[in-house]
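# Structural features, examined
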Protein chains: 2
Amino acid sequence: MAGEKQQQQPEAELVLLDFWVSPFGQRCRIALAEKRLAHEYLEQELLGTKSDLLLRSNPVHKKVPVLLHSGRPVCKSLVIIAYLDEAFPDASPSCSPPTPTRARARFWAAYSDKDYEAGTWLWKLKGDARAQARYEIVRVLGSLDAELGDKEFFDGDVFGLVDIALVPFAPTWARRCAERESVAKTLYPPEKVDEFITLLKKVYGIE
Amino acid sequence: MAGEKQQQQPEAELVLLDFWVSPFGQRCRIALAEKRLAHEYLEQELLGTKSDLLLRSNPVHKKVPVLLHSGRPVCKSLVIIAYLDEAFPDASPSCSPPTPTRARARFWAAYSDKDYEAGTWLWKLKGDARAQARYEIVRVLGSLDAELGDKEFFDGDVFGLVDIALVPFAPTWARRCAERESVAKTLYPPEKVDEFITLLKKVYGIE
């Protein structure tokens with residue numbers, strides 16, 4: 001009956017379709033927590049049958065995270081964060097820094113997706129290709145770390161868009177922000193993530 | 001002496017570092033034309049030595065397009081378009097539709113980058129891999145065409161962000177918007193683009 005229930009249109013104003021270990025989903029959870037926006041969380045199947053609600057809400061990518069606002073779907077993590085800022089301007093803090101810092105923030109937020117791509121290659125590939133993916137990850141993380149430097153957060157002492165976008169991807173960033181409540185309750189210990197990747201590798205028949 | 005001149009900091013308030021056939025650069029040129037923002041256009045070398053100004057302005061990607069606003073660099077085409085809207089709110093029209101259409105617009109604008117990726121594979125790859133890239137392109141363009149449907153523009157009768165983002169990538173979209181002045185003066189005939197890709201293939205030793 002749980003399956004049937006999940007396929008019904010949920011009733012909360014804000015609903016997040018997500019999967020616990022998704023770094024893209026974690027971005028949205030951190031943004032929702034920062035803005036203290038009450039919402040319903042609907043855990044989705046990653047390996048089993050996808051819910052009708054997910055397929056209907058994100059027909060192009062069929063992937064989490066999806067935010068439903070009064071039933072209307074918003075897809076892609078960085079789009080969701082920007083949307084939350086615009087749809088709930090009174091729910092401070094704003095995740096977007098003011099212009100012109102905002103353009104730099106968007107640049108780095110988009111750049112962090114590269115880390116994820118290289119990370120996916122890392123466990124899917126072998127031999128030279130894996131070595132190349134590892135090199136690419138080190139390069140991307142190096143750029144990100146250099147951009148953070150000695151600052152507390154990307155924008156100095158204000159936690160915002162870039163930090164939300166990077167925390168699930170960049171270890172240095174995660175450590176720097178680990179004590180923040182929105183981050184602490186969203187991220188999982190590396191062992192738990194490794195355990196999950198080991199499971200994924202088995203499912204996909206990768207050594 | 002031209003090289004030396006290009007390396008100097010240009011004097012205009014708005015400067016675009018670009019390369020004529022870059023679809024990402026074309027997005028920025030269309031946005032600048034739509035908003036009627038006077039600017040200096042600095043054509044960059046694609047195959048030769050990159051200018052110091054480009055390397056200094058976009059040290060991470062070392063790629064066009066880069067917008068310089070009073071010397072301050074803004075990189076990545078979609079970030080540049082959003083920046084122009086925010087930095088010049090009086091230069092109508094705004095390229096960004098109002099919330100909540102804006103979230104859908106951002107989703108589709110980001111999606112169009114997938115078309116470019118597949119397009120690049122198409123001329124770089126061979127055999128099965130090329131066939132797969134071709135399949136991927138048809139799939140992406142199909143999704144884009146379905147989203148446009150019979151409408152004049154993505155947002156009905158208002159030309160905006162998604163149209164700017166897609167015109168250089170999606171043939172249906174380019175045809176639909178071809179008579180718009182900002183588009184007509186920015187896009188090149190397919191023969192000229194093909195000629196350029198043939199040159200690129202020769203340079204990279206691809207059949």
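Residues numbered from 1 in each chain as written. Chains lettered and ligands numbered in written order. Predicted model: local features only at pLDDT ≥ 70, side-chain atom pairs only at ≥ 80, totals over all residues. Heavy atoms only, no water.

## As for the overall build of chain A
Spelled out, the test is: Helix and strand assignments follow DSSP, with helices taken as H or I runs no shorter than four residues and strands as E runs no shorter than two, numbered in order from the N terminus. Radius of gyration here is computed from C-alpha atoms only, and the compact-globule reference equals 2.2 Å multiplied by the residue count raised to the power 0.38.
Helices and strands together make up the secondary structure of chain A, namely 10 helices and 4 strands. The linear arrangement of helices and strands in chain A, starting from the amino end, is α-β-α-β-α-β-β-α-α-α-α-α-α-α. The C-alpha radius of gyration of chain A comes to 17 Å, within 12% of the 17 Å expected for a compact globule of 207 residues. With respect to the three principal axes, the spread of C-alpha positions in chain A is 45 × 45 × 30 Å.

## Description of unusual backbone geometry
Following Val64(A), the chain continues into Pro65(A) via a peptide bond in cis, with omega recorded as -5 degrees. Tracing the backbone through its elements, the reader meets Pro65(A) in the loop between α3 (52–57) and β3 (66–69). The omega torsion of the bond from Ser92(B) to Pro93(B) falls at 0 degrees, within 30 degrees of zero and hence cis. Along the chain, the position of Pro93(B) falls in the loop between α4 (77–87) and α5 (101–124). The phi dihedral of Lys62(A) falls on the positive side, at around 60 degrees, and the residue is not glycine. On the secondary structure map, Lys62(A) appears in the loop between α3 and β3.

## Comments concerning the relation of the copies chain B and chain A
Condition: Copy-to-copy alignment: least squares on C-alpha atoms, limited to residues at pLDDT 70 or above in both. For this analysis, residues touch if any pair of their heavy atoms sits within 4.5 Å.
The two copies are related by a screw operation: chain B maps onto chain A through 180 degrees of rotation and 0.0 Å of translation along the axis, at an RMSD of 0.0 Å. The relationship between the two copies is best expressed as a two-fold rotation axis. It is Ala110(B) whose C-alpha, among those of chain B, lies nearest the rotation axis, at 5.1 Å. By residue overlap, the copies meet face to face through one surface: 100% of the interface positions of chain B are interface positions in chain A.

## Topic: the interface of chain B and chain A
Heads up, the rule is: Reported buried area values correspond to the accessible surface (1.4 Å probe) lost by two parts on association, with both partners' losses combined. Criterion for a salt bridge: a side-chain nitrogen of Lys or Arg within 4 Å of a carboxyl oxygen of Asp or Glu. Side-chain atoms alone can form a polar contact between residues adjacent in sequence; in general such a contact is a pair of N or O atoms within 3.5 Å, and within protein one must be able to donate a hydrogen while the other accepts it.
The interface is formed by 22 residues belonging to chain B together with 22 residues belonging to chain A. The junction of chain B with chain A conceals about 2100 Å² of combined surface from both sides, 69% of it contributed by carbon and sulfur atoms. At the junction of chain B with chain A, the criterion picks out 4 salt bridges. Between Glu86(A) and Arg106(B) there is a salt bridge, with the nearest N and O atoms lying 2.9 Å from each other. Applying the counting rule to chain B against chain A returns 4 residue pairs in polar contact (both at pLDDT 80 or more).

## Looking at the sheet that holds strand β4 (residues 72–75) of chain A
Residues and elements named next belong to chain A. Stated formally: Strand pairing follows a simple DSSP-based rule, namely that at least 2 bridges must link the two strands. The convention used is that axes are lines fitted to C-alpha atoms, helices contributing only their stretch in contact, and that angles between N-to-C directions extend from 0 to 180 degrees.
Taken together, 4 strands build an open sheet; the order of strands is β2-β1-β3-β4 and the sheet is mixed. Edge positions in the open sheet fall to β2 (40–43) and β4, since each of these has one partner strand only. Adjacent strand axes in the sheet meet at a mean angle of 25 degrees, parallel and antiparallel pairs treated alike. Taken together, the 4 bridges between β3 and β4 define a ladder with antiparallel strand orientation.

## Section: the domain arrangement of chain A
All names here are of chain A. Formally: An automatic or database domain assignment supplies the start and end points of every domain.
Per the domain assignment, the segments of chain A are domain 1 (2–87) and domain 2 (101–204). If you average the C-alpha positions of domain 1 and of domain 2, the two centres end up 21 Å apart. Each side of the interface is counted separately: domain 1 has 16 residues, and domain 2 has 25 residues. Here domain 1 and domain 2 share an interface that buries about 1800 Å² over both sides, 76% of which is from carbon and sulfur atoms. Contact with domain 2 buries area across many residues of domain 1, yet Trp20, Arg27 and Ile30 alone supply 32% of it, more than any other trio. Applying the counting criterion to the domain 1 and domain 2 interface returns 1 salt bridge. As a salt-bridge pair, Glu34 and Arg180 come within 2.6 Å of each other at their nearest N and O atoms. Only α2 (23–34) and α4 (77–87) provide two or more residues apiece to the side of domain 1 that touches domain 2.

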